[in-house]
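Chain and residue survey
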Amino acid sequence: MDDKNAPLSGATVTVKGTTVSTSTNQEGAFRLQVPGTARTLVVSFVGMQTKEVGIGTGSAPISVSLTGGASTLNDVVVVGYGRSRRANLTTAQTSVGAKEIERTVNTTIEQAIQGRAAGVYVTQNSGQPGGGISVSIRGVSSINNATEPLYVVDGVQIQGSSSGNSSGNLAGLNPSDIEDMQILQGPSATAIYGSRGTNGVVLITTKRGKSGEARMTYGFQYNIQTPPKRFEVMNLQQYAQMQIAYKAIAGGNVRGELLDPSLLGPGTDWQGELFNNAAMQKHQLSLSGGSNNTTYYMSGEYLNQAGVAVGSGFDRYSFRINLDTKPREWITIGTNLSFNQTNEKTTTSQNGLISSAIQLSPEVPVKNINGSWGGGDLSNPAHQFAPVNPIAISTLTTNSNSRKQFLGGLNLGLNLTKGLTFRTSLNTNLGYGGSTYFQPTYAIGWAINTTAALENGTSQSTYWNWNQLLEYTKQVGKHNVGAMVSHEAQASTYKNVGGRRTGFLSNDILDLTAGNATTASNTGGSGQWGMESYLARVNYGYDNRYLLTATYRRDGSVYFGPEKRWGAFPSVSAAWRVSQEKFFNVPAISELKLRLETGLTGNQGFSSDPIYSPLVAGASPWGSSFLPSVYPNKGLQWEETNTKNIGANLGLFKNRISVDFDYYVKNTDNMLLSASIPWYMGSNGTAAVQPPTVNAGSLKTKGWSFTLNTTNVSTKDFKWESNLNLSHFKTTITSLNNKNGFLERSSWWLNQADPWSQRSAVGLEPWLMRGYIEEGLFTSVEEINKSAVPVDNSGNRRPTAPTNGIWIGDIKLKDVNGDGKITSDDKTYIGNPWPKLFGGFTNSFSYKGFDLSVLITGTYGNDIYNFMAWENSNPNNINLGRNMMLHAYDYAKLTTDKDGNPVLANPGTDVARIISGVDVNGNYARQTSKWVESGSFLRLKNVSLSYNLPTSLISRQKLVRGVRATFGAQNLATITEYSGFDPEVGAYTGVNAGNNGPIGLDYGRYPLTPIYTFSLNVNF
């Protein structure tokens, strides 16, 4: 029981010095068979002080009371290749436990971290079911797209991936199986993982069985997902009014059915047709228990999430078994095995259906009277430029992915002598994936596809890791010494195969053999990598006051030549527990620890065989031939990140208030990038040889993280706890070894006239948005003549004229370089996708059987480029049969003043005029600062209210031992100035995104929407 005599369910009771343990039931009771030599029980519970009690003799009941609101300093936490008491940590490390994970609706593991761990910036790149997530620990460590952390699941190492186009490589894991997540951030914690730890490490421990009576738990969760807020576009009446206004200016005839808008209804609400309420449900069954020597945990899960947008969905099947046994006192054997399969529909995102729903005219019906799909009017040629019916495309098109994953390992531990332990583990990760993309034949208005096409792809991957480890611990008086040495080998392979055919006679048979064999084409690829490592760690502590940790790792990678193959990654950290000093006598301060650490981590990159020149097959006059694909670089070496960290841990009033603070500086050198070489070296055109990977730059990241945990109220019946975490980082590029001093990333598919782009330049943060600075609209001829304007190909100023010239109502651009004309040289930095501050605030309340949790997340200072608004604010697009934002109707309207001079009738507008001729000013052909919006937001991320049925009700029968019901809501409310669907915009995930998608760009991103939840957990 706790210090208020309330029973504690789920407390762990262990025979000291053994693995014999059990857990308490709903009434706080436990039963445990102990060895005859046992003398002490260790009782622990999350958030309470661990207590040791004597067993005594006989079978008399043992009563234990744990002190509430206590420190967790005695908790044992997982660290890299070992465990440690939290009080003895000399590095920056944060925890997220099962209790926190269960409070939110988490389709994937990464979602559970958001807002709960300082220093961790999490953005959901897409709100589609199972959508990809970006996780950045302590800012940007590299600009080569390798910024995701390493995840270690029960010893299996998995490299994180933002995976914009679909779900990430952790989507198959069941969050409900997780017992604990430790997020390693400090250099002393991450350096032990060497080249794989440079972006931080997330250690995930899954649930294990406990000795005692078997425990069976069934969990059911049902969610209703609701549509997002509306994008304000024109209804049919407004659309008709816009048609009439456009024709009056540009000329042409208005179709008869649009001549009198008052006779029209609202037309088709395409957003209402695309977005609907959608269900998500989850079933989970777990069984755990065991004897004094053998314990087990088994679970099975089925998750099905329909998308709020048609054409999207995600489901998962997973099974796990964790088994631990101790056949002798000196040996332990364990295994953790899991299998999962995920299936996802990605038509909504990969076919741009959200953007289509915004642009399609409200005069187009979803279906015609005869039941066929509605489309652009065949009698109106302009409609051929309008999007195709998104509901039809989502129904007819197949765009899906299926993945199977086996994850697991075996481990063996030997107690060789007192304090000396040998452990070895063999882990593996096997994956198989399949994709299907089928475009059927159809006739939807102007959109006619007469040739069906099918693309099938398969992929398979293998990974194995074998580790051998020797660990020694020794206590001599007040001196505590620990040493660990280890050898590790790991390797991975992958293979992809794809095929495509067209000319299918039926839309119902999705098999490549049903297509025309003469149209067949195929793709493929394969690769492998391997690494061997030697690592060591030494810990020293004196009297629980002075703590020192030193680590060293040496990695050998196949990505580098013999002279550069091995990289060394050392670290050292120290901590001083000032509060343990005899001279320190401050009653209010129960814990004060100062920390200092430095360490080196590395990055081997993700390019296959960069030191060689792999051959690729290609056509030549002599038939199929092999050509070099990339220039080799035998002198390539490791990218290295040197981090320095200072930190402090403070506990007040018996640790009812605890504060953690860290400040760090990371310097990354020898960045792995593609070289900038001139075209005449064969880097462009037919049979081009790609530039080599080189060490070409450096960057610096400075940041801090702050965590405040408080127990605000703690009485017999009521408890209120809070957690506030805030973080900041700023990354600056300090050098780039190319002629320009910058790297440009251009999204050519977004407005080919002036592609949207981001740039990383020396002295600035990476991937800043580029464009022109828009300074409003021209309001007079005099203003035009005094201002810089675009020039023709000969450098001559464009004329001031209403037709084929620059006129009142055109946008005014800033002459950045001051040369008196507007050219591409006037492009500058217009937006920053990185936040200045981000964090989370959690409040947890408990009253008798009720538990209430409220989580708020937010970011401040980041920018979003609203490409959706840019594309749908051009009033001239009405002539293409496209709908647009309602704001576009406030286009610049011209009139004359009393002197006959042309002026704006609506001078407050920021929408450029309708143009009847050529738009020589590029009003809607340029990326400008007007479309950069604040991405700051404060979101009520989750509210959950749970109730545990009283024991007095449950005890009347023997089948059910505990029932917990929860009602909750997620993404309930958001405060933001952003005008798009959702301000939580990460990396772009749409068509053509690839692996290097733009950051902070919103072009029809699948939004996060409110979710309402009911869940029921029953213990048997």
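This report concerns the structure included in the present document. Every value quoted in this text rests on a predicted model; they were computed, and no experiment measured them.

A count of helices and strands for the chain gives 10 helices and 54 strands. Computed over the C-alpha atoms, the radius of gyration of the chain is 32 Å, within 12% of the 31 Å expected from 2.2 N^0.38 for a compact globule of 1020 residues. If one aligns the C-alpha atoms of the chain with their principal axes, the spans along those axes are about 105 × 70 × 65 Å. Put simply, the chain has 1020 residues, and 52% of those count as buried. Partitioning the intrachain contacts of the chain with sequence separation of at least 6 by distance along the chain shows that 70% fall at a separation of at least 24. Surface accessibility of the chain: about 44,000 Å² in total, with carbon and sulfur atoms responsible for 55%. The centroid of the 83 positive side-chain charges in the chain is displaced by 9 Å from the centroid of its 72 negative side-chain charges.

A few words now on the sheet that holds strand S13 (residues 201-206). The sheet built from 5 strands is open, its strands ordered S7-S12-S13-S10-S11 with mixed pairing. Sheet topology places strand S7 (93-97) and strand S11 (156-159) at the edges, where each strand pairs with a single neighbour. The mean angle between the axes of side-by-side strands here comes to 20°, regardless of whether they run parallel or antiparallel. As paired strands, strand S10 (residues 150-153) and S11 are joined by 4 bridges and run antiparallel to one another. Across the sheet, Tyr151 pairs through a bridge with Ile158, a residue of S11.

Moving on, we get to the nonpolar core. One finds Phe231, Trp270, Leu274, Phe275, Tyr865 and Leu1001 to be the most contacted residues of the largest nonpolar core, which totals 38 residues. When contributions to this core are tallied by element, the ones reaching two or more residues are helix H4 (270-274), helix H6 (353-359), helix H7 (390-396) and helix H9 (867-871). Dropping the residues within four chain positions of it, Trp270 is found in contact with Ala357, Leu360, Ser361, Pro362, Val364, Pro365, Val366, Asn389, Pro390 and Ile391. Ranked by size, the runner-up nonpolar core spans 33 residues in total, among them Ala240, Leu264, Leu813 and Ile878.

Attention shifts here to the side chain of Thr335. Turning to its location among the elements, Thr335 is positioned in strand S18 (residues 331-346). The buried category is assigned to Thr335, whose relative accessible area is 12%. Separated by 3.0 Å, the side chain of Thr335 and the backbone oxygen of Gly409 make a polar contact. Look past the residues within four positions of Thr335 in its chain and what remains in contact with it is Arg208, Ile321, Asn322, Leu323, Gly409, Leu410 and Asn411.

Attention now moves to the pairing of strand S37 (residues 742-747). Of the two faces of S37, the one holding Leu743, Arg745 and Ser747 is buried and the one holding Phe742, Glu744 and Ser746 is not buried anywhere. In this structure, S37 lies alongside strand S38 (residues 756-761), joined through 6 bridges in antiparallel fashion. Its bridge partner lying in S38, Glu744 is registered against Arg759.

What follows deals with the sheet that holds strand S3 (residues 40-44). In sheet architecture, strand pairing relies on hydrogen bonds along the backbone and comes in two forms, parallel and antiparallel. With respect to topology, 4 strands assemble into an open sheet ordered S2-S1-S3-S4, the strand pairing being antiparallel. This sheet does not close on itself; its edge strands, each paired only once, are strand S2 (21-23) and strand S4 (51-54). Direction aside, neighbouring strands of the sheet carry axes that sit 25° apart on average.

Note that an α-helix has 3.6 residues per turn; residues three or four places apart therefore point the same way. Between its first and last C-alpha, helix H3 (residues 236-250) extends 21 Å over 15 residues, near the 21 Å set by a 1.5 Å rise per residue. At the exit of H3 stands Gly251, carrying a positive phi of roughly 90°.

Scanning the entire structure with this criterion turns up 32 salt bridges. A salt bridge links Glu591 to Arg577; the nearest nitrogen and oxygen atoms lie 2.8 Å apart. Here Glu591, found in strand S28 (residues 589-603), pairs with Arg577, found in strand S27 (residues 566-577); they are 14 residues apart in sequence, far enough to count as distant. For the pair shown, Glu591 and Arg577 are each scored as buried. For Arg1005, the salt bridge is made with Asp982, and the minimal N-O distance between the two is 2.8 Å.

What follows covers a nonpolar patch on the surface. A contiguous nonpolar surface patch, about 320 Å² in accessible area, is contributed by Tyr222, Ile224, Leu972 and Tyr1012. If you trace the backbone, Leu972 turns up in strand S52 (residues 962-976). Residue class for Leu972 comes out partly exposed when judged on its relative accessible area of 34%.

Every other side chain in a regular strand lies on the same face of the sheet, so the side chains alternate between the two faces. Both strand S14 (residues 212-225) and strand S15 (residues 278-290) contribute to a ladder of 12 bridges, which runs antiparallel. Along S15, the bridge assignment pairs Phe220 with His283. Sheet analysis places S15 next to strand S16 (residues 294-306), joined by 11 bridges and oriented antiparallel. The residue of S16 that forms the bridge with Gly289 is Tyr296. Taking the residues that link successive antiparallel strands as the turn, the S15-S16 hairpin has 3 residues.

All told, the structure shown has 7 cavities of 30 Å³ or more when counted by the stated rule. In this structure, the largest cavity occupies an estimated 310 Å³ of space. Every residue lining the largest cavity is counted, 31 residues in all, and those nearest its centre are Gln111, Gln124, Asn971, Leu1008 and Ile1011. Looking at side-chain class alone, the lining of the largest cavity contains 13 nonpolar, 15 polar and 3 charged residues. For the second largest cavity, the calculated volume is near 120 Å³.

The rules we used
Residues numbered from 1 in each chain as written. Predicted model: local features only at pLDDT ≥ 70, side-chain atom pairs only at ≥ 80, totals over all residues. Heavy atoms only, no water. Helix = DSSP H or I, 4+ residues; strand = E, 2+ residues; numbered from the N terminus. Rg over C-alpha atoms; globule rule 2.2 N^0.38 Å. Buried < 20%, exposed > 50% of the residue type's maximum accessible area, 1.4 Å probe, protein only. Contact = heavy atoms within 4.5 Å. Areas by Shrake-Rupley, 256 points an atom, 1.4 Å probe, with all protein chains shown as cover. Lys, Arg positive; Asp, Glu negative; His and termini not counted. Charge placed at Lys NZ, Arg CZ, Asp CG, Glu CD. Pairing = 2+ DSSP bridges. Axes fitted to C-alpha atoms, helices over the stretch in contact; angles between N-to-C directions. Core = buried A, V, L, I, M, F, W, Y, C linked by side-chain atoms within 4.5 Å. Polar contact = N/O pair within 3.5 Å; in protein donor to acceptor, adjacent residues only side chain to side chain. Expected span 1.5 Å × (residues − 1). Salt bridge = Lys/Arg side-chain N within 4 Å of Asp/Glu carboxyl O. Patch = residues over 30% accessible without salt bridge, like charges linked within 9 Å, V, L, I, M, F, W, Y side chains within 5 Å. 1 Å grid on protein atoms, 1.4 Å probe; cavity = no way out; pocket = protein on both sides within 12 Å on 5 of 7 lines; lining within 4 Å. Points joined across faces, edges and corners; volume = space filled by probe spheres on them. Nonpolar A, V, L, I, M, F, W, Y, C, P; charged D, E, K, R; others polar.

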